[in-house]
Amino acid sequence: MSDNETVTHHRVCHLCEAMCGLVIQTEGERVVDIRGDRADPLSRGHICPKAVALQDIHEDPDRLRKPLKRVRSAPGVYHHEAIEWGEAFDLAADALATTIRDHGVDAVGAYFGNPAVHNYGMLTHQRNLFRHIRTRNRFSATSVDQLPHHLVSLWCFGHMLLQPIPDVDRTHYFLMLGANPLASNGSLWTVPDVRRRLKDLRARGGKLVVIDPRRTETAEMASEHHFIKPGTDATFLLAMIHVLFRDGLVDPGAMTSHTDGVDEVGAAVTELTPQWAEERTGIAAADIERIAHEMAAAEAGICYGRMGVSTQAYGALCQWAIQVINVVTGNLDKPGGSLFTAPAMDQVANTSPGGFARFTSRKRGLPEFNYELPAAAMADEIRTPGEGQIKLMVTGAGNPVLSTPNGQALDASITKDIDFYINETTRHADIILPPTSALEHDHYDIAFPIAGFAIPPVTSFPISMGPMAPFMIGRYFRNLESVLPND
Ligand code: SF4
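*Asks:* How would you explain the overall build of the chain if you had to name every residue and give the values?
*Replies:* Each helix and strand in the chain was counted, giving 18 helices and 20 strands. Since a compact globule built from 487 residues should have a radius of gyration of about 23 Å, the 24 Å found for the chain is in line with a globular shape. For the C-alpha atoms alone, the extent of the chain along its principal axes is close to 70 × 60 × 40 Å. Scored against the burial criterion, the 487 residues of the chain give a buried share of 53%.

*Asks:* I'd like a description of the sheet that holds strand 2 (residues 21-27), backed by residues and values.
*Replies:* Sheet strands pair by backbone hydrogen bonding; their relative direction is either parallel or antiparallel. With respect to topology, three strands assemble into an open sheet ordered 1-2-3, the strand pairing being antiparallel. The open sheet has two free edges, formed respectively by strand 1 (6-12) and strand 3 (30-36), since each of these has just one partner strand. Here the strands of the sheet are splayed against their neighbours by 25 degrees on average, with no regard to which way each runs. As defined by bridge partners, strand 1 adjoins strand 2 across seven bridges and the pair is classed as antiparallel. When the sheet's bridge partners are listed, Val 7 is paired in strand 2 with Thr 26.

*Asks:* Give me the lowdown on the pattern of salt bridges, citing residues and values where you can.
*Replies:* Per the counting criterion, the structure on display carries 24 salt bridges. Ionic pairing is found between Asp 33 and Arg 35, a salt bridge with its closest N-O pair at 2.6 Å. Arg 215 is the partner of Glu 220 in a salt bridge, and the nearest nitrogen-oxygen pair spans 3.6 Å.

*Asks:* Could you give an account of the environment of Asn 370, naming the residues involved and the relevant values?
*Replies:* Considering the arrangement of structural elements, one finds Asn 370 in the loop between strand 16 (367-369) and helix 16 (378-383). Distance in space between the C-alpha atoms of Asn 370 and Gly 354 is 4.7 Å, their sequence separation being 16 residues.

*Asks:* An account of the domain arrangement of the chain is requested, with residue identities and associated values reported.
*Replies:* Taken as a whole, the chain is organised into domain 1 (6-61), domain 2 (68-145 + 348-440) and domain 3 (164-339 + 457-483). Computed from C-alpha coordinates alone, the two centres of domain 2 and domain 3 are separated by 36 Å.

*Asks:* Pulling in residues and values, what's your account of the site of the ligand?
*Replies:* Around the ligand, the structure places Cys 13, Leu 15, Cys 16, Ala 18, Met 19, Cys 20, Ile 47, Cys 48, Lys 50, Ala 51 and Asn 185. Classifying every residue of the shell around the ligand by side-chain character gives nine nonpolar, one polar and one charged.

*Asks:* So what about the nonpolar core? Which residues, and what values?
*Replies:* Counting 51 residues, the largest nonpolar core has Phe 157, Leu 175, Ile 211, Phe 236, Leu 237, Met 240 and Trp 320 as the members making the most contacts within it. Once residues within four sequence positions are removed from consideration, Met 240 is found in contact with Leu 175, Ile 288, Ile 291, Ala 292, Met 295 and Ile 325. By size, the runner-up hydrophobic cluster in this structure holds 18 residues, among which are Val 168, Phe 174, Met 221 and Ala 222.

*Asks:* Before we move on, can you summarise the packing of helix 9 (residues 233-246) against helix 14 (residues 315-328) with the specific residues and values?
*Replies:* Contact geometry of helix 9 with helix 14 gives a least axis separation of 9 Å together with a crossing angle of 25 degrees. Comparing the axis directions of helix 9 and helix 14 gives the class roughly parallel. Between helix 9 and helix 14 the crossing geometry is left-handed. Touching Asp 233, Ala 234, Leu 237, Leu 238, Met 240, Ile 241, Leu 244 and Phe 245 of helix 9 are Leu 317, Cys 318, Trp 320, Ala 321, Ile 322, Val 324, Ile 325 and Val 328, all from helix 14. Considering only residue class, the contact of helix 9 with helix 14 consists of 15 nonpolar, no polar and one charged.

*Asks:* Please provide a residue-by-residue account of the pairing of strand 15 (residues 356-360), values included.
*Replies:* Regular strands have side chains that alternate between both faces of the sheet. One ladder, built from two bridges, connects strand 15 with strand 16; its direction is antiparallel. From the neighbouring strand, Thr 360 faces strand 16, where its bridge partner is Pro 367. Taken together, strand 15 and the strand that follows it, strand 16, pair antiparallel across an intervening segment of six residues, in which Gly 365 is found at a positive phi of about 70 degrees.

*Asks:* Go over helix 7 (residues 194-203) with me, naming the residues and quoting the values.
*Replies:* Within the sequence span of helix 7, burial applies to Val 194, Arg 197, Leu 198 and Leu 201. Along the axis of helix 7, the buried positions cluster into a sector of 95 degrees, meaning they face one direction only. Where helix 7 is buried, its residues meet strand 9 (173-177), helix 6 (181-184), strand 10 (207-211) and helix 8 (217-220). Following helix 7 by one or two positions, Gly 205 has its phi on the positive side, about 90 degrees.

*Asks:* Got a sec to walk through the sheet that holds strand 9? Specific residues and values, please.
*Replies:* The parallel open sheet is built from four strands, whose spatial order is 11-10-9-13. Two strands in the sheet have a free side with no partner beyond their single neighbour: strand 11 (224-226) and strand 13 (301-305). Strand-to-strand twist across the sheet, computed as the mean angle between neighbouring axes with direction ignored, equals 15 degrees. When strand 9 meets strand 10, the two strands line up parallel, connected through five bridges. Bridging from a neighbouring strand, Tyr 173 pairs with Lys 207 of strand 10.

*Asks:* Which residues make up the packing of aromatic side chains, and what values go with them?
*Replies:* What the rule picks out here adds up to eight aromatic pairs. Here the aromatic rings of Phe 112 and Phe 130 are separated by 6.0 Å at their centres, their planes lie at 75 degrees, and the arrangement is edge-to-face. Separated by 18 residues along the polypeptide, Phe 112 in strand 6 (residues 108-112) and Phe 130 in helix 4 (residues 120-132) bring together distant segments of the chain. Across the pair, Phe 130 and Phe 112 agree in class, each one buried. Centroid distance Trp 155 to Phe 356: 5.6 Å. Interplanar angle 80 degrees. Geometry classified as edge-to-face. Of the two residues, Trp 155 is situated in helix 5 (residues 147-157) and Phe 356 in strand 15; the sequence distance between them amounts to 201 residues. Pairwise contacts between aromatic rings join Phe 174, Trp 189 and Tyr 304 into one cluster. Over the aromatic face of Tyr 78 sits the side chain of Arg 70, whose NZ or CZ is 4.0 Å from the ring centroid. The ring of Tyr 371 has Arg 358 sitting right over it, with the charged end atom 3.8 Å from the ring centre.

Reading the values: rules and limits
- Residues numbered from 1 in each chain as written.
- Predicted model: local features only at pLDDT ≥ 70, side-chain atom pairs only at ≥ 80, totals over all residues.
- Heavy atoms only, no water.
- Helix = DSSP H or I, 4+ residues; strand = E, 2+ residues; numbered from the N terminus.
- Rg over C-alpha atoms; globule rule 2.2 N^0.38 Å.
- Buried < 20%, exposed > 50% of the residue type's maximum accessible area, 1.4 Å probe, protein only.
- Pairing = 2+ DSSP bridges.
- Axes fitted to C-alpha atoms, helices over the stretch in contact; angles between N-to-C directions.
- Salt bridge = Lys/Arg side-chain N within 4 Å of Asp/Glu carboxyl O.
- Domains from an automatic or database assignment.
- Near = heavy atom within 4 Å.
- Nonpolar A, V, L, I, M, F, W, Y, C, P; charged D, E, K, R; others polar.
- Core = buried A, V, L, I, M, F, W, Y, C linked by side-chain atoms within 4.5 Å.
- Contact = heavy atoms within 4.5 Å.
- Parallel < 35°, antiparallel > 145°, perpendicular 65-115°, else oblique.
- Left-handed = near helix turned anticlockwise from the far one by under 90°.
- Arc of directions from axis to C-beta.
- Phe/Tyr/Trp six-rings, centres within 6.5 Å; stacked < 30°, edge-to-face > 60°.
- Lys NZ or Arg CZ within 6 Å of the ring centre and 35° of its normal.

Listed below in C-alpha cells is the structure:
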C-alpha cells in the first residue's frame, strides 16, 4: 500500500459514554480526516470536537512515546529520562515485588481513572493484575462520580451493574435532576445526539422537566425548569413519593410480582409533605404535587438523576428515591421508561455483584465498595504511618492530584504510572509507562453498552425497595437534625 493511498477506518470513539461512530481516513501513517459516521445507528453522524482532536493527541510531540525514569540530577532536583521498555518493566516489577516483600501487599496502592473503563485491555488486565495483588488500598474515579448508582443497584436489584437507562426515544415524560446531557452527551446513559432526541420528545407532545440549581444547557431547552436549593434533591424526591402514595397513584404494573417492600416505602414517607419540601427546596408544593401526578399519568415516564444528585451528602438516598419513583409509577423496565439493557457482552453475568463495607480505610474508617476505598481516603492512606501504609502507588489513566479530594496531599510516594503525558500526578512518578494513542490500537467498549440502548429484557430478578426505606430515610433525618438544629 502506498503512502498516498487513502484508507477508510470505521470505529467507535472511546472518549465518553456516547460511543459515537467515527469514520477516519488515513494516508500511510497520516490521519487526514475524522468525521461522524452517518451509518452508525446510535450516533447517526453526531460527534463532538473531542473526537476531531484525537488527531491532535495522536500527533502531539509532547505525547510520551517511550517509558520515562525519574532521575535525581542534584539534591532535591529531579528530571525524567527516556528508557527502553525492558528496563522499565524490570524496574516496575522489582519495585512491586520489593514493596510487597518488605511491607506487605497493602503497601501497594492503585488508582485508575475513568478512561480505564473505556479500554478493554486496561479493564481486563488491571483486574487480573490485582487479582494477584490483593491490596485493600485500591481506588478509582467511581467514588467521585457514580458510586451511589452502584450502591442502589446492588441493594435494590442485586447487582451493582444493573443500571436502568432512560428510553428517551419512546418516552412521553422525562423528569431529570442534576444532569446536563447536552454538555455530557449522557452519563450512565449512552445518548449521542441528545439535543435532537430531546427535541423529538417535545415535538411528539412529550415533556422534559429539569430540576437543577443551575440554568444548564439542558434546562434551557426543557418544557419547564425548576431551580432547587443545592443539596435538597432528596427532599424533593421524597415529597414526590409521598404524593404518589397519598393520592393513590402507586401502581408498579409489570413489576408488581417482582417487587417487595412497597408498603414500607409508603409508611416511611407519610410525614414528608410537599409543604415540608417547599420550605427546604424552594420549589412550590403545588409544583411538586403536579409533577408527581404528571409522572404517574404519563403513558411512559422516566425519572433520572446523575452527577448533581450523586456527588452530594445524600447521593445514595437520591438514587434510591429515583428508582422508587420509577418502580411505583410502573415505569421500570417498560418501553419509554427506565430500561435494563441486554448488551452483547453481559457483564452482569460475568462479574460479581459487588459488596459494601466489608472493610474500612485505616485512618478514617470509610467503607469499601466492590473492594475499592473512596478516593477521598487516598492521601491519608499514603501519609499515615503504620501497618498497611501505602509505600508504592500505581496509577493508570487518571490524574488524581488534580481530580480527587485532597489532591495536593497526594504529592508523595507515587512510584509507577501509566499515562501518555506528564501531568500533575505523573510528574512525581519514578516510572511512567506510556500507552499507545487511541488511533494506534483497536477498540471495543465492553463497559458502556451496559448503560446504552438495547432491547429490554423481561425482568427476572427480584426488586427490593422497602428494606432500605427506614435505614436511608432515617439516616437522612438524623443528619438533618444534626446540621439543622433549629429546623
Ligand atoms: S460525544 Fe463522546 S463519544 Fe461522541 S465524539 Fe464526543 S467524546 Fe466521542
